[in-house]
Amino acid sequence: MPSHLSADRPAAQPPPRRGTVDALISQTRHLRGEVDAVRREAPVDDEDAQGRWQRALCNLALHQLNDLDEHLAQLRDGPPAVPVQPTDTPAALSVPAAPRRGSLLSRVGSAEWNLLTDEASWSGELYQILGRDASAPPLTLDELPSLVLDEDRPMLTTMVTDCLIDAKPIDGEFRIVRPDGGVRTVHMMGEPVLDADGSTASMWAVLRDVSELRRSQRTVGRTRESLQRQQHVAETEHRLAVELQEAVLPPWRGSLRFPRQGPGALDVAAHYLPSSTSALIGGNWYDALELPDGETLLSVGDLTGQGVTVTSGMAMLLGALRGMAVAGTRPGQLLSWLNQLLDATVQPALGSALCCRYRPETRTLSWAQAGHPAPLLFRDGTGRALAAPEGVLLGATSGAVYGQAEETLHVGDVLLLHTEGLVPRRSGSPGPDKTGSGGGTTAARSLLDLAPRFDGARTAQDCVRMVVEEFGETEREDDACVLIARIGS
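These remarks concern the structure in this document. (Residues numbered from 1 in each chain as written. Predicted model: local features only at pLDDT ≥ 70, side-chain atom pairs only at ≥ 80, totals over all residues. Heavy atoms only, no water.)

Within the secondary structure layout, Met189 lies in strand β4 (residues 183-194). Residues Met189 and Gly172 lie 17 residues apart in sequence; the distance between their C-alpha atoms is 6.8 Å. Setting aside anything within four residues of it in sequence, one finds Met189 in contact with Ile170, Asp171, Trp204, Ala205 and Val206. (Helix = DSSP H or I, 4+ residues; strand = E, 2+ residues; numbered from the N terminus. Contact = heavy atoms within 4.5 Å.)

This is the structure we're talking about:
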């Protein structure tokens, strides 16, 4: 009966064409290089769960491609020649030379247990996998479980029993403890060898050290779970931010007419445009509110940052702004108190805001700004930015004073308020200039180009629709708001 000592090696048969195998090796190494390039490009920030998962998956793929490369090399080169041993060399010392440490061959060994003679034969690689002295006799099937962790012994015993009694093939994994205390995971595959009358005469097996492979797979699993948890947290935060934003922004859609206003009443419409590069909700807001004294509050603003914390901060500012406006606070003083409120928060933040009060009897607009683009006024087919009073970003400095300006509006005028990001800044375009005079920003100039189209619009909602058609499909890094008020007769 032929020995199964080298059962992990190709059986004697016509070898495959060398050129075909060489081509497969070349393809494998090319693919390995591309996977390694992807791994190097993966983020290296340990706080980035997705980056950790990507690197772990690449490492696992490289591990398997390295194994495939060495398998194909074995297939191309054929089984190694068996060296001729001197006749006086003890059988126990006749083991193959140790393969290169860490190579595929050093992780794959074979064994045969003869049930008739109670003899065992191990390959040199198996001695290395199990960490045993090559001069020691191989363990019998009864002794083999002594190397296995207690919790894995029943599984090994069941596999061997099923193979010897029921002729079932062996295919399973267990952990062994090496003499140095190291624990390795071994994958065992084997079959019974039957004699002429069908009885089991021996059992052979191929054992492979899969410790590194399983470790890589566990790393992939852990990083995947971490990424899934992070994604779940992000989705929850996004949902909370959306719900909070919807709760505090005005509930009306389309045009809004204030029922108590007579001549000079405002027709108001607004729109929120989300970021195209981030799923996080920012701190942009718009608001229109009829006040007890008959005036109308118009407001837009942006609290820097994204996420639930920023959205909740925006809700706080908007609530304070409404409360102070209802109490009759004028725009300049209102922004001073908002700045004081933001300066006193636990988590420092910066924000820009534009606060306007409109008196319909005189068609007078009183307004102030805190580091924010000035309102744009459209009249008779032309447009201009209003001259901005003094005002720094909210939260930038304690005790800031905000100037206030007034503008008399005419019937049919269109007033446009917006947050930064409505017109995405192009590469190389100048930075924002919030002085307001003459429309000194690229965004303002782009919006002012809509003046002829606004002149033909009949409602504020028509104007908002034109803005969205012009800029809504453009990629934007930040979310943005636009609010348009049209002066009625």
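Resuming the write-up.
So, on to the sheet that holds β4. Ordered by their spatial adjacency, five strands build an open sheet running β2-β1-β5-β4-β3, and the pairing between neighbours is antiparallel. The open sheet is flanked by β2 (119-122) and β3 (170-177), the only strands paired with a single partner. Going across the sheet, the axis of each strand differs from the next one's by a mean of 25 degrees, ignoring polarity. Pairing analysis gives seven bridges linking strand β1 (residues 108-114) to strand β5 (residues 200-209), with the strands arranged antiparallel. By the bridge assignment for β5, Trp113 is matched with Met203. Contacts from helix α4 (residues 153-166) reach β3, β4 and β5, with the element oriented near 145 degrees to β3. (Pairing = 2+ DSSP bridges. Axes fitted to C-alpha atoms, helices over the stretch in contact; angles between N-to-C directions.)

Here we come to the sheet that holds strand β11 (residues 364-370). Strand pairing in a sheet relies on backbone hydrogen bonds. The paired strands run either parallel or antiparallel. Spatial ordering of the open sheet is given by β8-β9-β10-β11-β14, a layout of five strands whose pairing is antiparallel. Two strands in the sheet have a free side with no partner beyond their single neighbour: β8 (282-290) and β14 (405-408). With direction set aside, neighbouring strand axes in the sheet form an average angle of 15 degrees. When β8 meets strand β9 (residues 296-306), the two strands line up antiparallel, connected through nine bridges. Within the sheet, the bridge partner assigned to Glu290 lies in β9 and is Thr296.

Taken across its ten residues, β5 has nine buried, putting it largely inside the fold. Bridging between β4 and β5 involves nine bridges; their strand directions are antiparallel. Bridging from a neighbouring strand, Val193 pairs with Ser202 of β5. Linking two consecutive strands that pair antiparallel, namely β4 and β5, is a turn of five residues; a positive phi of about 85 degrees is found at Gly198 within it. (Buried < 20%, exposed > 50% of the residue type's maximum accessible area, 1.4 Å probe, protein only.)

This next bit is on unusual backbone geometry. The phi torsion of most residues other than glycine is negative, and most of the peptide bonds are trans. One non-glycine residue, Ala167, adopts positive backbone phi at about 60 degrees. A relative accessible area of 40% places Ala167 in the partly exposed class. Here the phi dihedral of Asp380 falls at roughly 55 degrees; this positive angle occurs in a residue that is not glycine. For Asp380, the location among the structural elements is in the loop between β12 (376-379) and β13 (382-385). In this structure Asp380 comes out as exposed when scored by relative accessible area, which is 69%.

Pairs of packed helices are described in terms of their axes, by the angle between the two and the distance that separates them. Relative to each other, helix α6 (residues 308-326) and helix α7 (residues 331-343) sit at 145 degrees, their axes nearing to 10 Å. In the packing of α6 onto α7, the handedness of the crossing is right-handed. Judged by residue contacts, Met316, Leu317, Ala320, Leu321, Met324 and Ala325 of α6 engage Leu334, Trp337, Leu338, Leu341 and Leu342 from α7. Residue composition of the contact of α6 with α7, grouped by class: eleven nonpolar, no polar and no charged. (Left-handed = near helix turned anticlockwise from the far one by under 90°. Nonpolar A, V, L, I, M, F, W, Y, C, P; charged D, E, K, R; others polar.)

None of the figures reported here should be taken as evidence of function without further support.
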